[in-house]
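# Coordinate inspection notes
Chain by chain, the residues:
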Amino acid sequence: MADVTITVRPNGSFRVEGPIKLVDGNGAEWDLAGKPAVSLCRCGASTKKPFCDGAHTKIGFAAAEAAVVAQDPAAAQAVKGDNAPKAAPNS
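Reference entry: report on the structure contained in this document. Per-chain numbering applies: the sequence of each chain, read as written, is numbered from 1 onward. For this predicted model, a pLDDT threshold of at least 70 governs which residues receive local features, and a threshold of 80 or more governs which side-chain atom pairs are given and counted, while totals over whole chains, interfaces and linings are taken from all residues. The side-chain figures draw on all heavy atoms in the structure; neither hydrogens nor water molecules are used.

### Description of the overall build of the protein chain
Formally: Strands here are runs of E lasting at least two residues and helices are runs of H or I lasting at least four, both read from the DSSP assignment and numbered beginning at the N terminus. Partly exposed describes any residue whose relative accessible area lies between the buried limit of under 20% and the exposed limit of over 50%, with all areas from a 1.4 Å probe on protein chains only and scaled to the type maximum. The contact criterion used throughout is that any non-hydrogen atoms of two residues lie within 4.5 Å.
Helices and strands together make up the secondary structure of the protein chain, namely two helices and three strands. Within the protein chain, buried positions represent 19% of all 91 residues. Put simply, 29% of the contacts in the protein chain that link residues at least 6 apart link residues at least 24 apart.

What follows is the structure, given as structure tokens:
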């Protein structure tokens, strides 16, 4: 099976390289024959959704670029526990 790579472009699109199948909410498939890569919109302003048309540059789209570093499970549970709603004391 061939690899698929998705690259988050700085304040831009998702660049998808490799063999993919792209379908809409109704299950209809886009014809990507002969396209080794596509750029998908992530700013929401493209007039060619789901594909990028460069609108992100016109609207000044800015996004977090860095991948979030995963915490170890114990630390994640501690954070979740610390932020959990406090139970009301029994009267």
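Still more ground to cover, so stick around.
### A word on the side chain of H56
Secondary-structure assignment places H56 in helix α1 (residues 55-59). In contact with H56, not counting residues within four places along its chain, are N11, G12, S13, C43 and F61.

### A closer look at unusual backbone geometry
A cis amide bond links K49 to the next residue, P50, at an omega of 10°. For P50, the location among the structural elements is in the loop between β3 (37-40) and α1. Even without glycine at this site, N11 takes up a positive phi of about 50°. With respect to the helices and strands, the residue N11 is situated in the loop between β1 (5-8) and β2 (14-17).

### What to know about the side chain of R42
The condition is simple: Counting of polar contacts relies on pairs of N or O atoms within 3.5 Å, with two restrictions inside protein: one atom must be capable of donating a hydrogen and the other of accepting it, and residues adjacent in sequence are counted only when both atoms are side-chain atoms.
Within the element layout of this structure, R42 appears in the loop between β3 and α1. For R42, the side chain forms a polar contact with the main-chain oxygen of R9, separated by 3.0 Å. Of the polar contacts made by the side chain of R42, one reaches the backbone oxygen of G12; its length is 2.5 Å.

### Re the environment of A63
Inspection of the secondary structure puts A63 in the loop between α1 and α2 (73-83). For A63, a relative accessible area of 26% translates into the label partly exposed. Put simply, A63 and R42 are 21 residues apart on the chain and 9.4 Å apart in space, counted from C-alpha to C-alpha. Setting aside residues no more than four positions away along its own chain, A63 makes contact with N11 and R42.

### A look at a nonpolar patch on the surface
Worth spelling out the cut-off: Here a patch means residues that are over 30% exposed by relative accessible area and free of salt bridges, tied together within 9 Å if like-charged and within 5 Å if nonpolar (Val, Leu, Ile, Met, Phe, Trp, Tyr). Throughout, the Shrake-Rupley method with a 1.4 Å probe supplies accessible areas, and for residues the shown protein chains are the sole cover considered. The term salt bridge refers to a side-chain nitrogen of Lys or Arg lying within 4 Å of a carboxyl oxygen of Asp or Glu.
A cluster of nonpolar side chains, contributed by V4, I6, V8, F14 and I20, occupies part of the molecular surface with about 380 Å² of accessible area. If you trace the backbone, F14 turns up in strand β2. Judged by its relative accessible area of 31%, F14 falls in the partly exposed class.

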